[in-house]
Each structure stands twice: as structure tokens, then as C-alpha cells.
Amino acid sequence: APAGQPAFRTVGVGLRTALRRGLPLRVTCPQSCDASATARIGAGTARRNRLGRRAMVVGRGRLDAVEAGRTATLTVRFTERARRRLRRARRVELAVTVAFATADGTATQARRVALNR
């Protein structure tokens with residue numbers, strides 16, 4: 001991310017750990033900000049894991065007041081249903097989107113994350 005832009009990166013955890021403890025994201029803001037994250041799966045993944053027929057949100061997380069220039073950990077917690085269904089999957093591809101709210105306005109950043117068992 002360019003300097004002056006809020007950014008996030010993923011921390012390498014396995015699928016089991018992520019489902020149990022949440023998916024940790026390292027969030028950095030150049031000025032103080034709030035961050036909220038959503039994790040989605042595509043329709044194919046949802047069907048394969050008996051979570052319905054269409055793409056859906058399987059986890060959310062938020063972090064208030066990240067100090068300027070600091071890096072903090074935002075944990076995306078999975079829904080109970082997603083936890084139950086995805087437990088047996090070998091690999092799950094997520095689209096993770098983080099929305100940052102600063103005094104100047106909002107910014108979003110998205111990234112694909114693959115979790116392996």
C-alpha cells in the first residue's frame with residue numbers, strides 16, 4: 001500500500017485455528033482509524049460445504065481506534081454455521097475486505113486469502 005494509506009495483511013494460520021480462534025489481520029493506519037472486516041466465500045465454496053447456493057459472508061470483525069502509525073490485530077470471527085460446515089474442508093478461499101474509517105473519510109482494501117487444513 002502507498003504511504004499514507006491504511007493497509008492490512010494476513011497472518012499465516014491454518015483453517016482449524018482460524019475457525020476456532022478467528023482469522024487475525026494486521027492492520028496499520030497512518031492516522032488513527034476504525035477498521036471493520038468481512039470474510040466472504042464464493043458460491044462454489046458455499047455449495048461444496050453445504051452453506052447454501054450463493055456467495056455469503058462467513059465472518060466479521062471490527063477494531064476501534066487504531067492509533068496513528070501503529071499496527072494492531074483485528075480478528076475476524078466466523079459465524080457458528082460457517083464454523084460447523086467448514087471444519088471438514090481441505091481448503092477454503094476467502095475474499096477479505098477491510099473498511100477503514102479515518103477523519104478524512106473511508107477507504108477499503110480487499111484481498112484473497114486461502115486457508116488450508
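Our subject is the structure that appears above.
Structure report, in brief. Since we're looking at a predicted model, the values are computed, not measured. (Residues numbered from 1 in each chain as written. Predicted model: local features only at pLDDT ≥ 70, side-chain atom pairs only at ≥ 80, totals over all residues. Heavy atoms only, no water.)

Within the protein, the regular secondary structure consists of three helices and seven strands. The order of α-helices and β-strands along the protein, N terminus first, is β-α-β-β-α-β-β-α-β-β. The C-alpha atoms of the protein give 15 Å as radius of gyration, which agrees with the globular expectation for 117 residues (13 Å, within 12%). C-alpha atoms of the protein, sized along the principal axes, occupy 40 × 25 × 25 Å. Within the span of the protein, comprising 117 residues, buried residues form 35% of the whole. Sequence-distant contacts in the protein: of pairs separated by 6 or more residues, those separated by 24 or more amount to 63%. (Helix = DSSP H or I, 4+ residues; strand = E, 2+ residues; numbered from the N terminus. Rg over C-alpha atoms; globule rule 2.2 N^0.38 Å. Buried < 20%, exposed > 50% of the residue type's maximum accessible area, 1.4 Å probe, protein only. Contact = heavy atoms within 4.5 Å.)

Before going further, it helps to examine the pairing of strand β2 (residues 23–28). Side-chain direction in a regular strand flips from residue to residue, so the side chains alternate between the two faces of the sheet. For strand β1 (residues 7–10) and β2, the ladder comprises four bridges, and the chain directions are antiparallel. Each residue of the ladder has a partner; that of Phe8, found in β2, is Val27. (Pairing = 2+ DSSP bridges.)

Inspection of the secondary structure puts Asn49 in the loop between α2 (43–48) and β4 (56–66). Excluding anything up to four places from it in sequence, Asn49 contacts Arg85, Leu86 and Ala89.

The next point concerns the state of the cysteines. What the rule picks out here adds up to one disulfide. The residue that forms a disulfide with Cys29 is Cys33, at a sulfur-sulfur distance of 1.9 Å. For Cys29, a relative accessible area of 0% translates into the label buried. Here Cys33 falls in the buried class, since its relative accessible area comes to 2%. (Disulfide = S-S within 2.5 Å.)

What follows covers the sheet that holds strand β7 (residues 105–116). Taken in spatial order, the seven strands make up an open sheet running β1-β2-β5-β4-β3-β6-β7, and their pairing is antiparallel. Each end of this open sheet is capped by a strand with a single partner; those strands are β1 and β7. Here the strands of the sheet are splayed against their neighbours by 25° on average, with no regard to which way each runs. (Axes fitted to C-alpha atoms, helices over the stretch in contact; angles between N-to-C directions.)

All right, on to the packing of aromatic side chains then. All told, the structure shown has zero aromatic pairs when counted by the stated rule. The ring of Phe8 carries the charged tip of Arg111 above its face, separated from the ring centre by 4.9 Å. (Phe/Tyr/Trp six-rings, centres within 6.5 Å; stacked < 30°, edge-to-face > 60°. Lys NZ or Arg CZ within 6 Å of the ring centre and 35° of its normal.)

Only a minority of non-glycine residues have a phi that is not negative, and only a minority of peptide bonds are not trans. Phi at Arg50 takes a positive value of approximately 55°, unusual for a residue other than glycine. The exposure class assigned to Arg50 is exposed, which follows from its relative accessible area of 58%. Here Ala65, not a glycine, exhibits a phi torsion of approximately 55°, which is positive. With respect to the helices and strands, the residue Ala65 is situated in strand β4.

With that out of the way, let us pick up a positive patch on the surface. A grouping of Arg16, Arg20, Arg21, Arg90 and Arg117 is seen on the molecular surface, where their side chains present a positively charged patch. Counting through the fold element by element, Arg16 comes out in helix α1 (residues 15–21). (Patch = residues over 30% accessible without salt bridge, like charges linked within 9 Å, V, L, I, M, F, W, Y side chains within 5 Å. Areas by Shrake-Rupley, 256 points an atom, 1.4 Å probe, with all protein chains shown as cover. Salt bridge = Lys/Arg side-chain N within 4 Å of Asp/Glu carboxyl O. Lys, Arg positive; Asp, Glu negative; His and termini not counted. Charge placed at Lys NZ, Arg CZ, Asp CG, Glu CD.)

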